[in-house]
Amino acid sequence: PAVQMMDNLPLASAKLFQSGLKNGSEVQMRRALTPLTGDPGYTRQQKRTANEFIDMALTSGAKFPELVAAQMILESAGGTALSGTNNFFGMKATSAESSTAKQTTEFRDGVERVETANFKNYNSPQESVDDLVNKWYKDYPGYQGVNNANSLEEAAMMLQQQGYATDPEYAQKLIQIANRLR
């Protein structure tokens, strides 16, 4: 039965499941089994938080609200590690904006390194979502909004191509998270 189960998993899930067996991570194993069990491995509270961000994204006009929630999960560890006051998305601040200085991991010329950056402070989570959607999902000077994409996957790729994040695997990570939220 275990071999049949592994054969039925998508390759990425099988690798995740095997790494979970090696590292003993119950969470990794549960998430790897999602295609078979339908259990995304989120607690009720984590799912509630994701749904709140999906609702805020819809209010802001995001065509792909699950992608906004995926960004929140990836950028702030599901809302537990904010980069600034109510900053769930790692949005950087200009010198004229209220900000919080924090260390962040960036990829420069293919090399991962830790840097200090000023992250924008917001008055509320909704204000944070509004800023993200207005600058990245809708057309904005210098950027084609990802609402122009035909699919969530294309929108995630556009975010990466347009420089939202420096992680070379950013789009793939977002797609995986968003698919678990659908």
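Residues numbered from 1 in each chain as written. Predicted model: local features only at pLDDT ≥ 70, side-chain atom pairs only at ≥ 80, totals over all residues. Heavy atoms only, no water.

A.B. asks: Let's hear about the overall build of the chain: which residues, and what values?
C.D. replies: For the chain, the helix and strand inventory stands at 9 helices and 2 strands. Starting at the N terminus and walking to the C terminus, you meet the elements of the chain as α-α-α-α-α-α-β-β-α-α-α. Buried residues in the chain amount to 40% of all 182 residues. Within the chain, contacts between residues separated by at least 24 positions form 49% of all contacts whose residues are at least 6 apart in sequence. Approximately 10000 Å² of the chain is accessible, and the part contributed by carbon and sulfur atoms is 49%. (Helix = DSSP H or I, 4+ residues; strand = E, 2+ residues; numbered from the N terminus. Buried < 20%, exposed > 50% of the residue type's maximum accessible area, 1.4 Å probe, protein only. Contact = heavy atoms within 4.5 Å. Areas by Shrake-Rupley, 256 points an atom, 1.4 Å probe, with all protein chains shown as cover.)

A.B. asks: I'd love a proper account of the nonpolar core, names of residues and values included.
C.D. replies: Ranked by size, the top nonpolar core spans 38 residues in total, and within it Leu67, Val68, Phe89, Tyr137 and Tyr164 carry the most contacts. In terms of residue count, the dominant contributor to this core is helix 9 (residues 170-181) (7 residues). Once residues within four sequence positions are removed from consideration, Phe89 is found in contact with Phe53, Val68, Gln71, Met72, Glu75, Ser128, Val129, Leu132 and Tyr164. (Core = buried A, V, L, I, M, F, W, Y, C linked by side-chain atoms within 4.5 Å.)

A.B. asks: Hey, could you go over the confidence of the model for the chain for me, with residue numbers and the actual values?
C.D. replies: Put simply, the chain has an average pLDDT of 84, and 77% of its residues get 70 or more. Of all helices and strands in the chain, the one with the weakest mean pLDDT is helix 3 (residues 26-32) (51), whereas helix 7 (residues 125-137) scores best (97). (pLDDT = per-residue confidence, 0-100.)

A.B. asks: Mind laying out the pattern of salt bridges, listing which residues take part and the relevant values?
C.D. replies: Summed over all chains, the structure comprises 8 salt bridges. The salt bridge involving Glu115 is made with Arg113; its shortest N-O contact spans 3.9 Å. Among the residues examined, Glu115 registers a relative accessible area of 22% and is labelled partly exposed. By relative accessible area, Arg113 is classed as partly exposed at 42%. When the shortest N-O distance is used, the salt bridge between Arg182 and Glu153 registers 3.5 Å. Of this pair, Arg182 sits in the segment after helix 9 while Glu153 sits in helix 8 (residues 152-161); the two residues are 29 residues apart in sequence, bridging distant segments of the chain. One salt-bridge network, held together by shared partners, links Glu97, Lys120, Asp131 and Lys135. (Salt bridge = Lys/Arg side-chain N within 4 Å of Asp/Glu carboxyl O.)

A.B. asks: So what about helix 5 (residues 44-60)? Which residues, and what values?
C.D. replies: Given a rise of 1.5 Å per residue, 17 residues ought to cover 24 Å, and the 24 Å separating the end C-alpha atoms of helix 5 matches this to within 8%. Here helix 5 has its buried residues at Thr49, Ala50, Phe53, Ile54, Met56, Ala57 and Ser60. For helix 5, the angular spread of buried residues about the axis comes to 165°, placing them on one side. In helix 5, the exposed positions angled more than 90 degrees off the buried face are occupied by Arg44 and Thr59. (Expected span 1.5 Å × (residues − 1). Arc of directions from axis to C-beta.)

A.B. asks: Talk me through the packing of helix 5 against helix 6 (residues 65-76); I want residue IDs and the actual numbers.
C.D. replies: Viewed as axis vectors pointing N to C, helix 5 and helix 6 meet at an angle of 130°, and their least axial separation amounts to 8 Å. Classified by the interaxial angle, the pair formed by helix 5 and helix 6 is oblique. Remark: the crossing between helix 5 and helix 6 carries right-handed chirality. Counted together, Thr49, Ala50, Phe53, Ile54, Ala57 and Leu58 of helix 5 and Pro65, Glu66, Val68, Ala69, Met72 and Ile73 of helix 6 form the full contact between these two elements. (Axes fitted to C-alpha atoms, helices over the stretch in contact; angles between N-to-C directions. Parallel < 35°, antiparallel > 145°, perpendicular 65-115°, else oblique. Left-handed = near helix turned anticlockwise from the far one by under 90°.)

A.B. asks: Now, about helix 6: what can you tell me, with residues and values included?
C.D. replies: Its 12 residues give helix 6 an end-to-end C-alpha distance of 16 Å, which sits within 8% of 16 Å, the value for a rise of 1.5 Å per residue. Burial within helix 6 is extensive, with 9 of its 12 residues counted as buried. Looking only at helix 6, the buried set comprises Pro65, Leu67, Val68, Ala69, Ala70, Gln71, Met72, Ile73 and Ser76. Where the residues of helix 6 are buried, they touch helix 5, helix 7, helix 8 and helix 9. The first or second residue beyond helix 6 is Ala77, which carries a positive phi of 50°.

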